[in-house]
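Structural description and commentary
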Amino acid sequence: MSYLELTAAAKQQIADIALISGYLWERGWAVKNGGNISLEITGEINLRSSDLNPLTYTPLKHPCPDLSQMYFIMTGAGTRMRDVACQPLSHVCVIRISDDGTGYYHIRDEVFNSPAVPTSEMPTHLAIHQFMKKQGGKNRAVLHTHPIELTALTLIPGFCDESRLNKILMSVQPEAVIAIPGGVGLVPFILPGTDQLAEKTVASLRYYPVVLWEKHGCIAIGHKLQDAFDLIDVLNTSAKLFFLCREAGYTPQGLSAQEIENLKKYY
Ligand code: 13P
Ligand code: ZN
């Protein structure tokens, strides 16, 4: 008997997680357990609060009262994206933030009984969901991954500078300007899974929908998971074009400042 009812919408979110996890693996961005995903699914799950098992309660180091009573689905700590793609229900978990926002309940029952515990990047995911809720827009998806060429750009001495990176990424293809006209943010290397990484990432997301994590990867937000994936895909293609020109022995000429301005106006 299952007391947790996943609506058709929640099932679609799980299907999206499986689809995008497969893309991440195929792209080579998800070596071992690299990357994590979370989606806000409040309203897409039916559960009486009297059904919450107090034994599944975990306090949060940083309470998030703005997310009180909200539900999230996220990939499990240490799970491989290639496994999430094949068997999403065994590698994601559903949590409900407590009424006062000081902790969360891990929802499990006889049917939905994944052994997964939330990703180690949960501090960043929850801080971003809190930020998105305060913003009041449509964004509900958070995607962290390790795109190879994009991350490689942050490894080149002298390149790891927000303005320099934006110049490269935005000038090598019109699609980047059209998809991300405001550019991307950059957070210097910070230990994964920490509150400091969460704090710096949210500060950068105030200005940019994608934030590069130096020497690590990137994180993007969107209404749907596919939207966040597309942004990263476009940026990684820019990085690939840059390296292809370099390999051919050329510094890419890229779009001029005027051409970029024209694109922004036109689109
Ligand atoms: P998790 O397996 O805990 O999600 O961590 C993967 C990762 O990419 C950390 O930055
Ligand atoms: Zn990572």
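Right above here is the structure, for reference.
Residues numbered from 1 in each chain as written. Chains lettered and ligands numbered in written order. Predicted model: local features only at pLDDT ≥ 70, side-chain atom pairs only at ≥ 80, totals over all residues. Heavy atoms only, no water.

Description of the coordination of the zinc ion (ligand 2)
Which entries qualify depends on this criterion: Water is absent from the atoms considered, so a metal site may look incomplete; donors are defined as N, O and S atoms within 2.8 Å of the metal, or 3.2 Å for Na, K and Ca. Note on classification: 1.4 Å probe, protein chains only; a residue is buried when its accessible area is under 20% of the maximum for its type, exposed when over 50%, partly exposed between these limits.
Around the zinc ion (ligand 2), the protein supplies His-144 (NE2), His-146 (NE2) and His-216 (NE2) as donor atoms, at distances of 2.1 Å. Donor residues binding the zinc ion (ligand 2) come from one chain and are separated in sequence as H-x1-H-x69-H. Taking the relative accessible area as the measure of exposure, His-144 reaches 1% and is therefore buried.

A word on the sheet that holds strand S4 (residues 57–59)
To be explicit about the condition: Strands are labelled as partners when DSSP assigns at least two bridges between them. Runs of H or I in DSSP of at least four residues are treated as helices and runs of E of at least two as strands, each being numbered from the N terminus. Whenever a helix is involved, its axis is fitted only over the stretch in contact; in every case the axis is a line through C-alpha atoms, and angles between N-to-C directions fall within 0 to 180 degrees.
Taken in spatial order, the nine strands of this open sheet run S4-S7-S6-S5-S2-S8-S11-S10-S9, and their pairing is mixed. With partners counted over all chains shown, the strands left at the sheet margins are S4 and strand S9 (185–187), one partner each. Taken over all neighbouring pairs, the strand axes of this sheet differ in orientation by 20° on average, direction set aside. The pairing of strand S5 (residues 71–75) with strand S6 (residues 92–97) spans five bridges and is classified as antiparallel. Looking across to S6, one finds that Ile-73 is bridged to Val-94.

Re the packing of aromatic side chains
This is how the line gets drawn: Classification of ring pairs rests on two measures: the distance between centres of Phe, Tyr or Trp rings, Trp counted by its six-membered ring, which must be within 6.5 Å, and the angle between planes, read as stacked under 30 degrees, edge-to-face over 60 and tilted in between. Criterion for a charge above a ring: Arg CZ or Lys NZ at most 6 Å from the ring centre, at most 35 degrees from the ring normal.
According to the stated counting rule, one finds seven aromatic pairs in the structure shown. With a centroid separation of 5.8 Å and 65° between ring planes, the pair formed by Phe-159 and Phe-242 is classed as edge-to-face. One end of the pair, Phe-159, is in the loop between helix H5 (148–153) and helix H6 (162–171); the other, Phe-242, is in helix H9 (residues 225–247), and 83 residues separate them in sequence. Linked through ring pairs, Tyr-23, Trp-29 and Phe-229 together constitute an aromatic cluster. Over the ring of Trp-29 we find Arg-27; its NZ or CZ atom is 5.8 Å from the centre of that ring. When the ring centre of Trp-25 is taken as reference, the NZ or CZ atom of Arg-82 above it lies at 4.8 Å.

A few points about the site of ligand 1
The test is simple: Note on terminology: near, applied to a residue and a molecule or strand, indicates that one of the residue's heavy atoms is within 4 Å of it. In the analysis that follows, any N or O atom pair within 3.5 Å is treated as a polar contact, provided that within protein one partner can donate a hydrogen and the other can accept it, and provided that, for residues neighboring in sequence, both atoms belong to side chains. Working definition of accessibility: Shrake-Rupley area with a 1.4 Å probe, residue cover restricted to the visible protein chains.
Inspection of the region around ligand 1 gives Asn-33, Gly-34, Gly-35, Asn-36, Ala-77, Gly-78, Thr-119, Ser-120, Glu-121, His-144, His-146 and His-216 as its neighbouring residues. Thr-119 has a polar side-chain atom sitting 2.7 Å from an oxygen atom of ligand 1. For ligand 1, whose unbound accessible area comes to 310 Å², protein coverage reaches 92%.

Just geometry here; none of it tells us what the structure is for.
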